[in-house]
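Residue strings, one per chain:
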Amino acid sequence: MAILSLLAIGIFLPLFPLSMVWTAFFKYVPWAWLRALILLAWPQIGLTIAFSTHAQLPQWAAGWGLLTAALYALRMLTLRDFSTWIAFIAASAFALLWIGLVNGNSEAVLRFQGLGFSASFIIAAAVVPMLKNRLGAAYGGLHCGMVQRLPRLAGVLVLAVLAATATPLFPSFFALMAVLSEASFMTAVGVLMVWLLWSWAAVRLLQGFLPGVWSRAQTPPDLSLRTTWLSGLGLVTLAGAATVLSSMGFTGGW
Amino acid sequence: MMDKFIVLLVALPLLTAFVAQVLSDKLGRRVVILSVAAGTLTFALAVLLLAFKLGGHGASRIVLAPVWGSLLFDPLTLLMAVVISGISLMVHVYSVRYMAEDPGYRRFFVLLDVMTGVLLLTIAAGDLITLLVGWNLIGVVLFFLLNHNSRSLQAYRYGFWSFITYRFGDVPMVLAALLLYRAFGTWSLPDIFQQIAAHPGALTVFGLPLSETVAGLIALSAFARSAQFLLHTWLPYTMDGPTPVSALMHAGIVNAGAFIINRFAPVFVEANGVLHWVFLVGLVTAVIGSVLMLSQNDIKKALGYSTMGQMGFMVMECGVGAFSLAVFHLIAHGLFKGTLFLASGSVIGKARHDDGVPKDDLYTFVIERRPTAYRQPWILMAAITLAVPALVFGLAHWLVTDSSVIEQGAIILLFFGWVTGAQLLFSIHRMDSETPWRLVTLAVFSLTLVVLGYTFISHAFDLFLYPDAQFRARIYAAAGISQSEFYILVGVLTAVIVFGWMLAYRAASYHNERPKQPKRSWLDFYALVSRELYIADVYALLGRWLIGLSARLNLYLRWI
């Protein structure tokens, strides 16, 4: 029973190789709204199993979680498919929750951290269909020079990627800080290396979309003003909520 | 009451950026009017607040939220705010016409405003989280400013170099913040500094000495920001961004290293030995930056390496305990480097018609390398060269301090000043001039004026930034070594320098002017320097290896 619980937690708070269940599952979910829901629910299910079964978690699981996070962050460097990229960064971020879980953090704190990461990935998940509808695929390197031809979509894409990679003032930044505040020095160094790899992967991903000269004969329509406003509002709400909540003390850790 | 305006100072550029972005479709290119007007207001407010502070208002901390979100109203904040808002305003005004034909005109001004706001947030941060937010966002916004020309893949590549180095520098800053938070249970900077002063021997939760560990981490973060050796490769390659961005970066952003060391001065005074490392890194950076600058045949890269050398000197000043002098240096460097960048376009334009170089004594000496046939007696000139600058620097220092004992840091800086002054006199002593003594007198007079101005202003900075004389002395003490070792070091260095100068004069007077074939070792050294010591190549190799590993892992694991 304990092993089964551990395996279940390892799937929902992805631990390699169980994490492959998450990435394979996420990649094949067709609708953006469902992906957003899954992103929100996945780590929470893992935490629910962990806290409801009172499973005895081995100490090595925290280290394994960090290694899983580092593995997926490293693998993100050569990803061009945006959907897979989101699946990998989510796996990397959710795996970091093991650090707090093994260290005995309270359920509320961990749920807050999980929510912080999940919420930051949602906008990115919403951008995938926007790219697919216009470019045929959410795949970097196919059509460069988006800044000149599709400036609104490029702007939303940039902000979504920044939100996902724990840039202040998005919730993932505060969630990362909360994870760090409970970690030992060496673990904190490891977590920050993961953060560094996320940033590198983000720049490489955007390189396949933003700079360069537009190569197609035709330019698809840019985002409508309404969609741009909605996306912007979503991002501002996320950042604003994270800023206000964290500055008031609802930080998930400090 | 007035101190609360510091919130407005930070908020104004950020609000302007937001409004300009929201109204950009409606206002069109007129958003620049909004942007420049807000920049002017921000600068005026910064000057007003500084004047208020100079009027005697005490330091305070404005708390906006219970956990984080506080701003400091203190001398360092206000001084830096005037510099940043001033340079930002100049860059704004310059960009109105310079960027006029750019397709991303509006986006550029929005990003400029965000950058100004983020810089002001960083320098005014009253707690560690606010500081981390600002510190981190500077790198992000700079990345997008450097990549403003979105057609250029090269600009994107080099923008990435600066971004990843900045992010690397964020890592030690976050670690330092975490250590401080876990040691004292607060994010507030004044509270932390108070606790450090009360418990100077505190250990981190990992058993390391807190002050030394935190100071080391902060210094590392400063090194990344200020392009110190091994973390410098991004700086000379960031010239693909628009000229106003280069000006803003070289005049303001890259100076952040000296700011952050000054901000954490209360930690550094408790950290034994860390400032020695800071000095060493600064010294190596200054020397290597200058050597690389001299060997470049690309003027923009040469300017980049010139900034690196200046940053090395600035960090070195921190390393000898002259913290406020580093701030003065930061401002002076910001102004002259900003001017160089902003004027570069018009200088190039004018030079196409007329190089503007007068064919006078200086021209024939420097450009045509035609020294005078008549030479002054070399012993006399060497004596003047060595004695006059020493006298000038000694006099200047004596005028601003009532203490007969000079701090070690001040002696080292006087030392550098002395060598620079001697170099100046050496370079002119053989000029083809009808009135060589007049020339030497004028040079000595200029040197005296510069030195006196520099000394008085830096002393005023010292009094303004660190009014507590005891604290000032503690900063110098933290950077000091034992007196006996110091005097031996100074004695040996003085002897080496004097001997070197005498040899140089003698060689210049008697040596055969015929050029010699360079030696093989010299050519090897030149090859090494021209490839910029292969440091960027090593990083590129490491990067390619990691990317290769990533690709192999993905193939092996079938991309899931």
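Residue positions are given per chain, counted from 1 along the sequence in the order it is written. For this description, chains carry letters from A and ligands carry numbers from 1, given in the order in which they are written. With pLDDT at 70 or above as the cut-off, local features in this predicted model cover only qualifying residues; side-chain atom pairs require 80 or more to be listed or tallied, and sums for whole chains, interfaces and linings still use all residues. As a rule here, side-chain values come from all non-hydrogen atoms in the structure, and water together with hydrogens is ignored.

Chain B is annotated in an unreviewed UniProt entry as NADH dehydrogenase, subunit 5 from Sulfuriferula multivorans.

Participant: Describe the UniProt feature "transmembrane region" (unreviewed entry) in chain A, listing the residues and the values that go with them.
Facilitator: Residues and elements named next belong to chain A. In the numbering used here, UniProt assigns the "transmembrane region" (unreviewed entry) feature to residues 6–25, 32–51, 57–75, 82–102, 114–132, 153–179, 185–206 and 227–250. Secondary structure is summarised from DSSP: a helix means a run of H or I of at least four residues, a strand means a run of E of at least two, and numbering begins at the N terminus for each. Secondary structure across residues 57–75 comprises 84% helix and 0% strand; the distance between its end C-alpha atoms is 27 Å. Along residues 153–179, the helical share is 78% and the strand share 0%, with 32 Å between the first and last C-alpha atoms. UniProt positions are given in the numbering used here, feature names are shortened, and annotations may be inferred rather than shown by experiment.

Participant: So what's going on with the nonpolar core? Which residues, and what values?
Facilitator: Formed by 245 residues in total, the largest nonpolar core has its most connected members in F82(A), W85(A), W198(A) and F264(B). Whether two residues touch is decided by their heavy atoms; if any such pair falls within 4.5 Å, the residues are in contact. Ignoring any residue separated from it by four or fewer positions in sequence, one finds W198(A) in contact with A73(A), M76(A), I89(A), S92(A), A93(A), L96(A), F117(A), T165(A), A166(A) and L176(A). What makes a nonpolar core is a set of buried Ala, Val, Leu, Ile, Met, Phe, Trp, Tyr and Cys residues whose side-chain atoms join them at distances within 4.5 Å. Only protein chains enter the accessibility calculation, which uses a 1.4 Å probe; a residue is then buried when its area is under 20% of its type maximum, exposed when over 50%, and partly exposed in between. In terms of nonpolar packing, the next biggest core, distinct from the first, is built from 10 residues, I384(B), V440(B), A443(B) and V451(B) among them.

Participant: I'd love a proper account of the pattern of salt bridges, names of residues and values included.
Facilitator: Every case where a carboxyl oxygen of Asp or Glu lies within 4 Å of a side-chain nitrogen of Lys or Arg is listed as a salt bridge. Within the structure shown, the criterion is met by 10 salt bridges over all chains. As a salt-bridge pair, E107(A) and R111(A) come within 2.9 Å of each other at their nearest N and O atoms. Here E107(A) and its partner R111(A) are both found in helix α6 (residues 107–135), 4 residues apart, which amounts to about one turn of the helix. With a relative accessible area of 32%, E107(A) lands in the partly exposed category. Its salt-bridge partner being D25(B), residue R106(B) comes within 3.7 Å of it at the nearest N-O pair.

Participant: Which residues make up the packing of α6(A) against helix α8 (residues 151–164) of chain A, and what are the values?
Facilitator: All names here are of chain A. Fitted lines through C-alpha atoms serve as axes, helices being fitted only where they are in contact, and the angles separating the N-to-C directions of these axes extend from 0 to 180 degrees. It is the contact of α6 with α8, at a shortest axis distance of 8 Å, that shows an interaxial angle of 150°. As judged from the angle between their axes, α6 and α8 are roughly antiparallel. Between α6 and α8 lies a crossing whose hand is left-handed. Contact with α6, carried on its side by S120, F121, I123, A124, V127, M130, L131 and R134, involves L153, V156, L157, A160, A163 and A164 of α8 and no other residues of that element. Angle categories are assigned with fixed cut-offs, so that under 35 degrees is roughly parallel, over 145 is roughly antiparallel, 65 to 115 is roughly perpendicular, and the rest are oblique. In this scheme, a crossing is called left-handed if the near helix is turned counterclockwise away from the far one by less than a right angle; it is called right-handed if the turn is clockwise.

Participant: I'd love a proper account of the interface of chain B and chain A, names of residues and values included.
Facilitator: Frequently, the measure chosen for interface size is the accessible area that the parts lose on association. Chain B puts 45 residues into the contact, and the matching count from chain A is 56 residues. Values labelled buried area give the accessible surface lost by two parts on being combined, using a 1.4 Å probe and summing over both. Of the roughly 4,600 Å² buried between chain B and chain A on both sides combined, carbon and sulfur atoms contribute 77%. Considering only the side of chain B, the residues that lose the most area to chain A are W68(B), Y156(B) and I560(B), jointly responsible for 15% of the buried surface there. The tally of links between chain B and chain A comes to 1 salt bridge. Put simply, D25(B) and R152(A) hold a salt bridge, and the shortest N to O gap is 3.7 Å. Polar contact is the term for a pair of N or O atoms within 3.5 Å; when the atoms are in protein, one must be able to donate a hydrogen and the other to accept it, and sequence-neighboring residues count only if both atoms are side-chain atoms. On the surface where chain B and chain A come into contact, there are 16 residue pairs in polar contact (both at pLDDT 80 or more). If you list the elements that add at least two residues to the side of chain B that touches chain A, you get α6 (128–146), α7 (153–184) and α23 (535–556) of chain B. Considering every element that reaches the side of chain B that touches chain A, the biggest residue donor is α7(B), with 15 residues. Residues belonging to the side of chain B that touches chain A are distributed by class as follows: 34 nonpolar, 5 polar and 6 charged. Polarity classes work like this: nonpolar for Ala, Val, Leu, Ile, Met, Phe, Trp, Tyr, Cys and Pro, charged for Asp, Glu, Lys and Arg, and polar for all others, with Gly in that last group.

Participant: Quick one: what's the story with the packing of aromatic side chains, residue by residue and with numbers?
Facilitator: All names here are of chain B. Pairing of aromatic side chains here covers Phe, Tyr and the six-membered ring of Trp, requires ring centres within 6.5 Å, and sorts the geometry by plane angle: under 30 degrees stacked, over 60 edge-to-face, intermediate tilted. Tallied over the entire structure, the rule returns 31 aromatic pairs over all chains. Centroid distance F143 to F144: 5.0 Å. Interplanar angle 70°. Geometry classified as edge-to-face. Take F143 and F144: they sit in the same class, and that class is buried. Plain terms: the ring middles of F193 and F264 are 5.8 Å apart, the flat faces sit at 85° to each other, and that makes the pair edge-to-face.

Participant: Tell me about the domain arrangement of chain B, and please be specific about residues and values.
Facilitator: Residue and element names in this part refer to chain B. Either an automatic procedure or a domain database provided the assignment from which the domain bounds are taken. Looking at the assigned domains, one finds that chain B contains domain 1 (1–126), domain 2 (152–338), domain 3 (374–510) and domain 4 (520–556). Listed as interface residues are 23 residues of domain 2 and, on the opposing side, 19 residues of domain 3. Carbon and sulfur atoms make up 74% of the surface buried where domain 2 meets domain 3, a total of about 1,900 Å² over both sides. Applying the counting criterion to the domain 2 and domain 3 interface returns 5 residue pairs in polar contact (both at pLDDT 80 or more).

Participant: So what's going on with the packing of helix α1 (residues 2–12) of chain A against helix α3 (residues 32–53) of chain A? Which residues, and what values?
Facilitator: Residues and elements named next belong to chain A. Contact geometry for α1 and α3: axes closest at 8 Å, N-to-C directions at 160°. By the angle between their axes, α1 is roughly antiparallel relative to α3. The interaxial crossing formed by α1 with α3 has left-handed handedness. Residues S5, A8, I9, I11 and F12 of α1 touch α3, and the partners they reach there are W42, P43, I45, G46, I49, A50 and T53. Here the residues of the contact of α1 with α3 are counted per class, giving 9 nonpolar, 3 polar and no charged.

Participant: Residues and numbers for the UniProt feature "domain: NADH-Ubiquinone oxidoreductase (complex I) chain 5 N-terminal" (unreviewed entry) in chain B, please.
Facilitator: The feature "domain: NADH-Ubiquinone oxidoreductase (complex I) chain 5 N-terminal" (unreviewed entry), as annotated in UniProt, sits at residues 70–109 of chain B in this numbering. As annotated, residues 70–109 of chain B has a helix share of 72% and a strand share of 10%, and its two end C-alpha atoms lie 27 Å apart.

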